[in-house]
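Spelled out from the first residue to the last, the chains are:
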Amino acid sequence: MEDFMKLYSMATTLFLLIGVVPLALAGGHNYGQALSKSILFFEAQRSGYLPGSQRVKWRGHSGLFDGKANGVDLVGGYYDAGDNVKFGLPMAFTVTMMSWSIIEYGKQMALSGELGHAMEAIKWGTDYLIKAHPQPHVLYGEVGDGNTDHYCWQRPEDMTTSRKAYRIDQNNPGSDLAGETAAAMAAASIVFRRYNPAYSRLLLTHAYQLFDFADKYRGKYDSSITVAQKYYRSVSGYADELLWGAAWLYKATNNQYYLNYLGRNGDALGGTGWAMTEFGWDVKYAGVQTLVAKFLMGGKARGNRRVFGKYQEKAEFFMCSCLGKSSRNVQKTPGGLIFRQRWNNLQFVTSASFLLTVYADYLTSARRNLRCASGTVTPPQLLAFAKSQVDYILGDNPRATSYMVGYGNNWPQQVHHRGSSIVSIKVNPSFVSCRGGYATWYSRKASDPNLLTGAIVGGPDAYDNFADERNNFQQTEPATYNNAPLLGVLARLHAGHGGYNQLLPVEIPFAAQIKPTPQAKVTPSAGLVAIAQKTIGTWVANGKTYYKYSVTVNNKSNKTIKNLNLSVSKLYGPLWGLTKQAGGSYGFPAWVSSLPAGKSLEFVYIHTSSPAKVLVLGYKLA
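Treat the numbers as computed from the prediction; the structure is a model and nothing was measured.

S.K.: Mind laying out the overall build of the chain, listing which residues take part and the relevant values?
M.R.: In terms of regular secondary structure, the chain is built from 18 helices and 16 strands. Counting over 622 residues, the chain shows a buried share of 63%.

Below is the structure:
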């Protein structure tokens, strides 16, 4: 949280598979280490009673009486940035983006050993948000007061500032706050569905209630919680959060009501009209448009295809704008970094990088390229640009500075953060007074006594300049919502060819030379379905010979085939063009629902062995 008002002022060639370099290796960065550190930052931001598993040892318990004066338990949650206030809007957005990261890239996080830590980070947030929502139409949106808090420079463990709690209710509405919190609850319910079903159902109950509250009693939250205006003013209003909440509730429940809500209100609430060049805690349109585009490409639009197509146009405008291929492009620094504003600019870089990454994966699933005003962009190109932004943050920039604290060899030493800049209470328990903290610690020119590992600071200006000074809060203050979107991107980049999500296959080691060696192989057919395989390429990488196989499924009948069910055994690599089903069998890809008479479907796979065994288990004739 800044010190004054924060303004938001299978591509068509199946990725040219053999030409894709493993992302985890290509940039020279240890994305796995960056991921681990980025998650660790959230432990430094914890408020409340710290658990025995706490890994950031220089922190202690804090905010233990939050909510008591209001007759409610509001202990817990996160401090948003370098101060000791708990702001509900950015906290909920942080939870939503951490959850979205796991929904898309949980498998990669598991492979890196960080899935458990990421889920703990989410639960620390949702446990608090549950407390903050004690009644269906009551939601506490802030604990503490930015004005009094900024007057002091104290450790959270010492703070003597106001801990008054502020709320919205049906007489004092806040649709943006309630809508974002509904989105956070719904997204997190997906994360915990398999691991903690009872908790997932509880989160979904809160999501339902909060969305109903947001939609029924409309108004801007900072008109009800006026103390937030100077710090987290809702410039974009609440329309985007209503759509955002509906999108996440549909994704969590498959309830047609929320899908139709998006279709019915797309024009009125701006989802089909706003072409954005930013995405963040205030402005959610690009995120909504990206989700709706996925629903459309996945064949879930139902009766909303026309409206959802307009959402997708705006989503793709955002992507093209970031790439510099639109009619209105995002500004970039000379070093190539997306630049929106001097004040905490990296929040927009990490959130944009996340949308670019997931959209590249969505396009791959739909076998589509991105069509921009100045040319076509393939999914690998989209992903490569997102990677360039992450690499810049991690040190590939004109200053050779890592803007993630504790990563690389040259990171900010004077972070604008009360806890990290004052000696740990574990080292020196002497009380640090309100103004004494400014005199003794804030004005020090030395490095912070506590390492705020993983924190993404505000970052450089429009010319790649950066001043590592504690009082330069525009550039040296970190925030939870800077880190949250980055979790998914780092997991995706770290996986490289070692793991992949439900949409995007693993990447195959680069092959300097391809040797096309077509070899037809017919696999047994089942009745009116014939399957033909052939080898369409081989290459050698790291001493291993890789084979790329094409498989064609032919409908030889005079009727349409539905519910195709295939078995693919003796497969030792990635497969593109089919959807894996429960039980391990395969069906039509998301973009195909049937196979007309006389038509064929192609899928491909790659491994270092002889052809897999493909058998037809069943189908229906329509």
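S.K.: Before we move on, could you go through the state of the cysteines and cite the residues and values that matter?
M.R.: Counted under the stated rule, the structure contains 2 disulfides. Residue pairing for cysteine 152: its cysteine sulfur links by disulfide to cysteine 434, the two sulfurs lying 1.9 Å apart. Of note, the bridge from cysteine 152 to cysteine 434 carries an S-S torsion of about -85° and is left-handed in sense. Taken together, the residues span a long stretch of sequence, with cysteine 152 in the loop between α5 (146–151) and β3 (165–169) and cysteine 434 in the loop between α15 (418–421) and α16 (436–442) at a distance of 282 residues. Covalent S-S linkage joins cysteine 320 and cysteine 372, the inter-sulfur distance amounting to 2.0 Å. Of note, the bridge from cysteine 320 to cysteine 372 carries an S-S torsion of about -85° and is left-handed in sense.

S.K.: Which residues make up the sheet that holds β3, and what values go with them?
M.R.: The strand order across the open sheet built from 3 strands is β1-β2-β3, with neighbouring strands paired in antiparallel fashion. The sheet is open, and its two borders are formed by β1 (86–87) and β3, each paired with just one other strand. Pairing analysis gives 2 bridges linking β1 to strand β2 (residues 138–143), with the strands arranged antiparallel. In the strand pairing of β2, lysine 86 is matched with valine 143. Together, β2 and β3 form the strand contacts of helix α6 (residues 175–192), whose direction differs from that of β2 by roughly 100°.

S.K.: Quick one: what's the story with α6, residue by residue and with numbers?
M.R.: The terminal C-alpha atoms of α6, which comprises 18 residues, lie 25 Å apart, in line with the 26 Å expected from a rise of 1.5 Å per residue. Most of α6 is tucked away, with 18 of its 18 residues classed as buried.

S.K.: Tell me about the environment of proline 334, and name the residues and values.
M.R.: By the secondary structure assignment, proline 334 is in the loop between β4 (331–332) and β5 (338–339). Residue classification places proline 334 among the exposed positions, given a relative accessible area of 67%. Ignoring anything within four residues of it in the chain, the contact list for proline 334 reads Ala462, Tyr463 and Asp464.

S.K.: Any details on the packing of helix α14 (residues 379–393) against helix α18 (residues 480–495)? Residues and values, ideally.
M.R.: Packing of α14 against α18 brings their axes to within 11 Å, and their N-to-C directions diverge by 110°. The angle between α14 and α18 falls in the class roughly perpendicular. The two elements α14 and α18 cross, and the hand of that crossing is left-handed. Along the contact surface, α14 presents Leu383, Lys387 and Val390, while α18 presents Leu486, Val489, Leu490, Arg492 and Leu493.

S.K.: Describe the packing of aromatic side chains, naming the residues involved and giving the relevant values.
M.R.: Tallying each qualifying case throughout the model produces 31 aromatic pairs. Measuring from centroid to centroid gives 5.1 Å for tyrosine 257 and tyrosine 258, while their planes differ by 85°, and the two rings are edge-to-face. By relative accessible area, tyrosine 257 is classed as partly exposed at 41%. One aromatic cluster is present, formed by Phe93, Trp100, Trp244, Trp248, Phe279 and Phe354 through successive ring pairs. One residue, lysine 123, lies across the ring of tyrosine 199, its end atom 4.7 Å from the ring centre. Cation over ring: arginine 435 sits above tyrosine 151, and NZ or CZ is 4.2 Å from the ring centre.

S.K.: An account of the pairing of strand β15 (residues 600–607) is requested, with residue identities and associated values reported.
M.R.: Among the 8 residues of β15, 6 are classified as buried, and the element is accordingly described as predominantly covered. Examined bridge by bridge, strand β10 (residues 544–555) and β15 share 8 bridges and lie antiparallel to one another. By the bridge assignment, valine 553 is partnered in β15 with leucine 601.

S.K.: Account for the environment of isoleucine 531, naming residues and giving values.
M.R.: With respect to the element layout, isoleucine 531 can be found in strand β9 (residues 529–541). On the accessibility criterion, isoleucine 531 (2% relative accessible area) is buried. Put simply, isoleucine 531 and threonine 552 are 21 residues apart on the chain and 5.6 Å apart in space, counted from C-alpha to C-alpha.

S.K.: Kindly report on the nonpolar core, identifying the contributing residues and their values.
M.R.: Core analysis: the biggest nonpolar cluster contains 155 residues, and Trp100, Trp248, Leu262, Phe308, Leu370 and Leu382 have the highest contact counts within it. For tryptophan 248, the residues in contact, after removing those within four places along its chain, are Thr96, Trp100, Ile103, Ala183, Ala186, Ala187, Ile190 and Leu291. Listed in part, the 20 residues of the second largest apolar core include Ile561, Leu564, Leu566 and Tyr605.

S.K.: Residue-level account of the confidence of the model for the chain, with values.
M.R.: Per-residue confidence for the chain averages 88 on the pLDDT scale, and 90% of its residues sit at or above 70. This model gives residues 1–27 a pLDDT under 50, and the stretch forms 117 contacts once residues within four places in sequence are excluded. The model gives residues 497–526 a pLDDT under 50, and that stretch makes 95 contacts with residues more than four places away or in other chains.

S.K.: Can you explain the packing of helix α13 (residues 346–365) against α18? Please cite residues and give values.
M.R.: Across the interface, α13 lies against α18 with an axial gap of 8 Å and an inter-helix angle of 35°. Crossing hand, α13 versus α18: left-handed. Here Gln347, Thr350, Ser351, Ser353, Phe354, Thr357 and Asp361 of α13 come into contact with α18, specifically with Tyr481, Asn482, Pro485, Leu486, Gly488, Val489 and Arg492.

S.K.: I'd like a description of helix α3 (residues 88–112), backed by residues and values.
M.R.: Along an α-helix, residues three or four positions apart point the same way, because every turn accommodates 3.6 residues. For α3, which comprises 25 residues, the first-to-last C-alpha distance of 30 Å sits more than 12% below the rise-based estimate of 36 Å (1.5 Å per residue). At tyrosine 105, α3 shows its largest bend, some 85°. In terms of burial, α3 is a largely internal element, 21 of the 25 residues being buried. Just past α3, the residue glycine 113 takes up positive phi, approximately 80°.

S.K.: I'd love a proper account of unusual backbone geometry, names of residues and values included.
M.R.: Although it is not a glycine, alanine 400 sits at a positive phi angle of roughly 55°. Considering the arrangement of structural elements, one finds alanine 400 in the loop between α14 and α15. Among the residues examined, alanine 400 registers a relative accessible area of 48% and is labelled partly exposed. One non-glycine residue, asparagine 563, lies in positive phi territory at about 55°. Turning to its location among the elements, asparagine 563 is positioned in strand β11 (residues 561–569). Looking at asparagine 563, the relative accessible area reads 48%, which means it is partly exposed.

About the thresholds
- Residues numbered from 1 in each chain as written.
- Predicted model: local features only at pLDDT ≥ 70, side-chain atom pairs only at ≥ 80, totals over all residues.
- Heavy atoms only, no water.
- Helix = DSSP H or I, 4+ residues; strand = E, 2+ residues; numbered from the N terminus.
- Buried < 20%, exposed > 50% of the residue type's maximum accessible area, 1.4 Å probe, protein only.
- Disulfide = S-S within 2.5 Å.
- Pairing = 2+ DSSP bridges.
- Contact = heavy atoms within 4.5 Å.
- Axes fitted to C-alpha atoms, helices over the stretch in contact; angles between N-to-C directions.
- Expected span 1.5 Å × (residues − 1).
- Parallel < 35°, antiparallel > 145°, perpendicular 65-115°, else oblique.
- Left-handed = near helix turned anticlockwise from the far one by under 90°.
- Phe/Tyr/Trp six-rings, centres within 6.5 Å; stacked < 30°, edge-to-face > 60°.
- Lys NZ or Arg CZ within 6 Å of the ring centre and 35° of its normal.
- Core = buried A, V, L, I, M, F, W, Y, C linked by side-chain atoms within 4.5 Å.
- pLDDT = per-residue confidence, 0-100.
- Bend = angle between axes of the 7 residues up to and from the residue.

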